[in-house]
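Observations on chain architecture
So the chains spell out like this:
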Amino acid sequence: PDLLHCLAQMGHGDELVIADRNFPATSTALTTGFKTLILMPGLNALATIKTITSILPLDGFVDYAAVRMEIDGSPDEMNETHTAVFSFLETVIPEGASLGHISRSEFYERARQAFAIVQTNEDIPYGCYILRKGVIF
């Protein structure tokens, strides 16, 4: 219910953080527009993103419809969750849209300005993403 309520309140361009279990989700959620941490117990990042994108379109009017957290010291390396999530997102992003990556420190800063934080049970480090809401037609 909290996730559906959050998605319904979001507008075009609002950003949603999908966080792994290591992310400081509770404290970061307090700085967001939604103010309440949304928990997805038992779901990893991919399952959570599949659920969200089944009803939330991604934004095709910006450089990146979604970004992932970079691995410290290896920004271009993709771990198992990055590969799985980006392979899926390639199938649902708007035509002409791209996927990107940002440093962990930049991710944390951007997360504090997001609309909301969704924490998953993702065990793989750096398994964090930001999705940007698109236009509902």
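**Description of the packing of helix α3 (residues 45-53) against helix α4 (residues 80-89)**
Running from N to C, α3 and α4 cross one another at 20°; their axes reach a closest spacing of 9 Å. As summarised for this structure, α3 and α4 are arranged roughly parallel, according to the angle between their axes. Taken as a pair, α3 and α4 cross one another with a handedness that is right-handed. For the pair α3 and α4, the contacting residues are Ala45, Leu46, Ile49, Lys50 and Thr53 in the first and Thr81, Ala84, Val85, Phe88 and Leu89 in the second. Grouping the constituent residues of the contact of α3 with α4 by class yields seven nonpolar, two polar and one charged.

**Regarding the pairing of strand β3 (residues 66-69)**
Burial of β3 is two-sided: the residues Ala66 and Arg68 facing one way and the residues Val67 and Met69 facing the other way are all buried. Two strands pair when backbone bridges link them, and β3 and strand β4 (residues 99-102) are joined in this way by four bridges, in the parallel orientation. When the sheet's bridge partners are listed, Met69 is paired in β4 with Ile102. In this region the chain leaves β3, passes through α4 and returns to the parallel neighbour β4; the handedness of that crossover is right-handed. Both β3 and strand β6 (residues 129-132) contribute to a ladder of three bridges, which runs antiparallel. Paired with Arg68 across the bridge in β6 is Tyr129.

Conventions we followed
- Residues numbered from 1 in each chain as written.
- Predicted model: local features only at pLDDT ≥ 70, side-chain atom pairs only at ≥ 80, totals over all residues.
- Heavy atoms only, no water.
- Axes fitted to C-alpha atoms, helices over the stretch in contact; angles between N-to-C directions.
- Helix = DSSP H or I, 4+ residues; strand = E, 2+ residues; numbered from the N terminus.
- Parallel < 35°, antiparallel > 145°, perpendicular 65-115°, else oblique.
- Left-handed = near helix turned anticlockwise from the far one by under 90°.
- Contact = heavy atoms within 4.5 Å.
- Nonpolar A, V, L, I, M, F, W, Y, C, P; charged D, E, K, R; others polar.
- Buried < 20%, exposed > 50% of the residue type's maximum accessible area, 1.4 Å probe, protein only.
- Pairing = 2+ DSSP bridges.
- Right-handed = clockwise from strand over helix to strand, strands pointing away.

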